[in-house]
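The chain contents come next:
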Amino acid sequence: MDTMNFLNEIALRHPDAISFAPGRPYDGFFDTEDLVAHIRRYLAHLEERGRTPAQVRSMMYQYGPTAGQIRELIADSLRSDERVDVPPESIVVTVGAQEAMLLVVRALIAGPRDVLMVSSPCYVGISGAARMLDVDVVPVVERPDGLAPDDVAAAIEAQLALGRRPRAFYVIPDHSNPAGTTVPVPARRALLDLAERYDLLIIEDSPYRLVSPGPQLPTLKALDTGRRVVHLGSFSKTVFPGARVGFVVADQPVHGADGTVRLLADEIAKLKSMVTVNTSPLSQAAVAGALLSAGGSVTDLNARPAEHYGESMRLVLDQLDRRLPAARRSALGVSWNRPTGGFFLTATVPFVADNAALARSVERFGVLWTPMSYFYPGGGGERALRLSTSYLSPEEIEEGIARLARFIESEAG
């Protein structure tokens, strides 16, 4: 939190700097009139489904069901977009995916021997949620070409040898935050095999798939035949972040001491009732209306944004190539990956990319980025930085990369 606060404070002190730090959707896709239209579309949908005016009023003004009131629409979109066929009862609508992480970790970690494993570098929200719950986090560090299932297996064995129980493994398989990496299909299948072999669950986080260009690889949940995957979803990138609507798909059976069998989603909903009571019905209405406007398909809803984000990523990579050609970056010891989607890429640099370097970058060159060391729960990433490609205009990208290149040259020289 201290490091993230530092990033926010330095951005406020330098409002004219070009920032590659925030992983926000592009503002150009938002129109305030759409909010009203989306809500009206959902209200009409309820009336079409036979709801009376009094029922519609209650659904909008009262608390609503803890597990959410748009679960059927989410289930329909999952079948349409992801070929994931789950009953609405297995879905819990949450206050963003962040709440889903907190609830899932709390539901799965049952005792002091249980640990949460994470692909590292990892999104700070999951490691932060685990620390809030006093849950031990075991990082599995990605190789330069991404996550290796053999490394996951070795980490599991190491924890078992210590008498600990790896309960779940968290991963963003597609265009990850922060690294921008994507797990190939063979590795996805290997992860599912590991989950079956070692009796653990995989927490799959997938916020960037449907805002990325072109066909996407199947989700882990789509490949999951043994109910080993708890799937987290978010409408922050695909609809708008201000709604704060996410969801969790938890169709795993939970056997009670009394012999009853319930879904893991039921247990998560119980926990949610003690945390946020329910997710805002108005926010759910806005998201549902947006989905309905595209026939229920998140893919169709995001056809234009996905193309835009793909172009932004390509422009950033093109400008990096232009400002730091192959021979020059080889001489400097600079490299970067080339994600095919998502909002982020990683650059490796020959100097320590810490808060002090970030301060020099913004004060002398007017450009912001995020130190990758923020995202390594076990330490690491000291000579790497994350660049977000989503939020800036083409003109800002071109000027921002020019500034970044001058900063890198000054530090490497």
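Anything mentioned here points back to the structure above.
Here's what I pulled together on the structure shown here. (Residues numbered from 1 in each chain as written. Predicted model: local features only at pLDDT ≥ 70, side-chain atom pairs only at ≥ 80, totals over all residues. Heavy atoms only, no water.)

1. Quick word on the sheet that holds strand E6 (residues 201-205)
The strands making up a sheet associate through backbone hydrogen bonding, with each pair oriented either parallel or antiparallel.
Consideration 1: Spatial ordering of the open sheet is given by E2-E8-E7-E6-E5-E3-E4, a layout of seven strands whose pairing is mixed. At either margin of the open sheet sits one strand with a lone partner, and together these are strand E2 (91-94) and strand E4 (136-141). Averaged over neighbouring strand pairs, the angle between their axes works out to 20° when direction is ignored.
Consideration 2: Note that E2 and strand E8 (residues 246-249) share four bridges and pair antiparallel. Looking at the pairing, Thr94 lines up with Gly246 of E8. (Pairing = 2+ DSSP bridges. Helix = DSSP H or I, 4+ residues; strand = E, 2+ residues; numbered from the N terminus. Axes fitted to C-alpha atoms, helices over the stretch in contact; angles between N-to-C directions.)

2. A closer look at the environment of Pro112
Consideration 1: As for its placement among the helices and strands, Pro112 is situated in the loop between helix H5 (96-108) and strand E3 (114-120).
Consideration 2: Look at Pro112 and you get exposed, because its relative accessible area is 82%. (Buried < 20%, exposed > 50% of the residue type's maximum accessible area, 1.4 Å probe, protein only.)

3. Quick notes on the sheet that holds strand E11 (residues 335-336)
Consideration 1: In spatial order, the strands read E11-E12-E15-E14; together these four strands make up an open sheet with antiparallel pairing. This sheet does not close on itself; its edge strands, each paired only once, are E11 and strand E14 (370-371).
Consideration 2: When E14 meets strand E15 (residues 384-388), the two strands line up antiparallel, connected through two bridges. Of the residues in E15, the one forming a bridge with Thr370 is Arg386.
Consideration 3: The strands touched by helix H13 (residues 303-323) are E11, strand E12 (344-348) and E15; relative to E12, the strand with the most contacts, the crossing angle is about 20°. (Contact = heavy atoms within 4.5 Å.)

4. Things to note about helix H15 (residues 355-365)
Consideration 1: All buried positions along H15 are accounted for by Ala357, Leu358, Ala359, Ser361 and Val362.
Consideration 2: Measuring from the backbone nitrogen of Ala356 back to the side-chain oxygen at the start of H15 gives 3.3 Å, which picks out Asp354 as the cap.
Consideration 3: Note on H15: the residue one or two positions beyond its end, Gly366, has a positive phi of about 70°. (Polar contact = N/O pair within 3.5 Å; in protein donor to acceptor, adjacent residues only side chain to side chain.)

5. A closer look at the pairing of E12
Consideration 1: Most of E12 sits inside the fold, with four of its five residues counted as buried.
Consideration 2: Where E12 and E15 come together, five bridges link them in antiparallel fashion. Its bridge partner lying in E15, Leu345 is registered against Leu387.

6. Looking at the side chain of Gln319
Consideration 1: Structurally, the position occupied by Gln319 is in helix H13.
Consideration 2: Apart from the residues lying within four places of it in its own chain, the contact partners of Gln319 are Glu398 and Ile401.

7. Observations regarding the side chain of Arg209
Consideration 1: With respect to the helices and strands, the residue Arg209 is situated in the loop between E6 and helix H9 (220-223).
Consideration 2: A distance of 3.1 Å separates a polar atom in the side chain of Arg209 from a polar atom in the side chain of Asp174.
Consideration 3: Separated by 2.6 Å, the side chain of Arg209 and the backbone oxygen of Leu217 make a polar contact.
Consideration 4: Contacts of Arg209, omitting those with residues within four sequence positions, involve Glu82, Asp174, His175, Arg188, Gln216, Leu217, Pro218 and Thr219.

8. Section: H5
Consideration 1: An ideal rise of 1.5 Å per residue puts 18 Å on 13 residues; H5 measures up with 19 Å between its terminal C-alpha atoms.
Consideration 2: Of all 13 residues in H5, 10 are buried; the element is thus mostly enclosed.
Consideration 3: Burial in H5 covers these residues: Gly96, Ala97, Glu99, Ala100, Met101, Leu102, Leu103, Val104, Val105 and Leu108. (Expected span 1.5 Å × (residues − 1).)

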